[in-house]
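Architecture and fold: a report
This is what each chain is made of:
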Amino acid sequence: MDFDPFILARIQFATNISFHILFPAISIGLAWVLLFFRLRFTQTGDQAWEDAYLFWVKIFALTFAMGVVSGITMSFQFGTNWPGFMEKAGNVAGPLLGYEVLSAFFLEASFLGIMLFGKDRVSNRMHLISSFLVAFGTTLSAFWILSLNSWMQTPAGYHLEDGVVMVDSWMEVIFNPSFPYRFFHMLIACLLTSAFVIAGVSAWRALRNVDGPATWKVMKTGVMMAAVLAPIQILVGDFHGLNTLEHQPAKIAAMEAVWETEKGAPFTIFALPDDNTRSNRYAIEVPYAASFILTHDPMGEVKGLNEFEGEHPPVAIVFWSFRVMLAVGGLMLLVSWWAAWQLRNNKTPTKPLLYALSAMTFSGWVAVLAGWYVTEIGRQPWIVSGVLKVQDVVADHSSATVGGTLIGYILLYGFLLASYIGALLNLSRKPAASLSLTAVSAPQTTNKEA
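Now for a quick tour of the structure. Since we're looking at a predicted model, the values are computed, not measured.

The rules behind each value
Residues numbered from 1 in each chain as written. Predicted model: local features only at pLDDT ≥ 70, side-chain atom pairs only at ≥ 80, totals over all residues. Heavy atoms only, no water. Helix = DSSP H or I, 4+ residues; strand = E, 2+ residues; numbered from the N terminus. Expected span 1.5 Å × (residues − 1). Polar contact = N/O pair within 3.5 Å; in protein donor to acceptor, adjacent residues only side chain to side chain. Patch = residues over 30% accessible without salt bridge, like charges linked within 9 Å, V, L, I, M, F, W, Y side chains within 5 Å. Areas by Shrake-Rupley, 256 points an atom, 1.4 Å probe, with all protein chains shown as cover. Salt bridge = Lys/Arg side-chain N within 4 Å of Asp/Glu carboxyl O. Buried < 20%, exposed > 50% of the residue type's maximum accessible area, 1.4 Å probe, protein only. Axes fitted to C-alpha atoms, helices over the stretch in contact; angles between N-to-C directions. Parallel < 35°, antiparallel > 145°, perpendicular 65-115°, else oblique. Left-handed = near helix turned anticlockwise from the far one by under 90°. Contact = heavy atoms within 4.5 Å. Nonpolar A, V, L, I, M, F, W, Y, C, P; charged D, E, K, R; others polar. Lys, Arg positive; Asp, Glu negative; His and termini not counted. Charge placed at Lys NZ, Arg CZ, Asp CG, Glu CD. Pairing = 2+ DSSP bridges. Core = buried A, V, L, I, M, F, W, Y, C linked by side-chain atoms within 4.5 Å.

Observations concerning helix α2 (residues 47–80)
For α2, which comprises 34 residues, the first-to-last C-alpha distance of 50 Å matches the rise-based estimate of 50 Å (1.5 Å per residue) to within 8%. Backbone nitrogen of Ala 48 and a side-chain oxygen of the N-cap are separated by 3.0 Å at the start of α2; the cap is Asp 46.

Quick look at a nonpolar patch on the surface
Together, Ile 269, Phe 270, Leu 272, Tyr 282, Ile 284 and Val 286 make up a nonpolar patch on the protein surface, roughly 540 Å² of accessible area in all. If you list the elements that add at least two residues to the nonpolar patch, you get β4 (267–274) and β5 (279–286). Inspection of the secondary structure assignment puts Phe 270 in strand β4. Here Phe 270 falls in the partly exposed class, since its relative accessible area comes to 34%.

Concerning the packing of α2 against helix α3 (residues 83–117)
Interhelical geometry of α2 versus α3 gives an angle of 160° and a closest axis separation of 12 Å. In terms of orientation, α2 and α3 fall into the roughly antiparallel class. Crossing handedness for the pair α2 and α3: left-handed. In this structure, α2 uses Tyr 53, Val 57, Phe 60, Ala 61, Phe 64, Val 68, Phe 78, Gly 79 and Thr 80 to contact α3, whose residues at the interface are Pro 83, Phe 85, Met 86, Leu 97, Phe 105, Glu 108, Leu 112, Met 115 and Leu 116. Within the contact of α2 with α3, the residues separate by chemical class into 15 nonpolar, two polar and one charged.

Some details on a negative patch on the surface
A cluster of acidic residues, Glu 260, Glu 262, Glu 285, Glu 301 and Glu 307, forms a negative patch at the surface. Within the secondary structure layout, Glu 260 lies in the loop between α8 (249–256) and β3 (262–263). Overall, the relative accessible area of 52% leaves Glu 260 in the exposed class.

With respect to the pairing of strand β2 (residues 164–167)
Two faces belong to every sheet, and in a regular strand the side chains alternate between them. Bridge analysis of strand β1 (residues 158–161) against β2 gives four bridges, and the strand direction is antiparallel. By the bridge assignment, Leu 160 is partnered in β2 with Val 165. Count of turn residues in the β1/β2 antiparallel hairpin: two residues, of which Asp 162 carries a positive phi of about 55°.

A short note on the nonpolar core
Soluble, globular proteins show a tendency: their nonpolar side chains are buried together. Core analysis: the largest hydrophobic core is formed by 110 residues, its most contacted members being Leu 30, Leu 34, Phe 37, Trp 56, Phe 60, Phe 85 and Leu 357. When residues in this core are grouped by element, the largest group, 18 residues, is from helix α6 (residues 179–207). Within the second largest apolar cluster, 22 residues are counted, among which are Ala 254, Ala 290, Val 318 and Val 374.

Right, here's the structure in full:
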């Protein structure tokens, strides 16, 4: 069977970005959590906060490394699989990616060493500053990457010369119409992902009776973060949806599986979108709800997919990815509020709650992946909306070449992901007593040891 190399190239890039996004989704939020642990220890002198930092900084270091390595591999594909993108849009993509390396990545790399190995070699103040700069660097990295991605979704500040993008205004390029909404939506998603990771791992440790004072402080930190951020994320998502309706109506139509332009469009809870008949089978709908959610008017108009025939994304995967994101987000809200209620006034959580938190450990990954599938697949068939189509920038490789490397990527990423989760489980099994006072700084020889 001869597969289309264009489809294989898209699957390969989707594999790369799906694997890569898992790690920044944790490290961006976890960096700020680690700074919070250090500040609490500095303020209170409570050793439990220090133990929490020493445990989670190891996981942060591993997560950060995995994100860097997978990110480099992903960036290579711009040249190997999608050379037309850099030829046509390189005047935007090149500088923005360069800014990310020169500012954010260098900042993280410069101070990460002090954060990981300098705790006993520099003052507490310098270590706090280093921890802050690493956290700031991860967020700055997200700023530049999301600026580029948002420009690809809602391009602004440019003109075309012989089909090549030329920049008119860098401010309009960077702060394009969808950027503020996408940046804050993703930043909160990262914080929520890290919140459930630290709460879930802590709950799992409690169930295995390897918990200590730090375990409960970390669990409460994660739960309270999630309980506060989950409703805020819903509000930010609403603003993001309004922006998407204005600038990318075809994506919205696919998300809601609306085929004909209509006022008072229903929200479809369940359906099997059929591209052949251009209709939804077995639809379960809530009347007027889609119009109300998208326009804040029950009789608001929502453009249908038939308005964009030939230039809209595949419907089923966008439709279901959006609903997976909503479902997981709703679970995050319910579980975090349940946990916050049980943990109030330092009360002991019940076993059902601990099992629920453990089960939700990687729920952020599911929500982030579903959200990114909506974002990226929802932009199809464009790589830069209204400017460049994906099929016009793909490299001319054979199916065997792309398929072979795709299999290699899948096998490698599967192994790395299993190893990462295995390392996290191994750390989580260790009793609290064995983790207390275990620093990541290099051992210092004492007279007694000598």
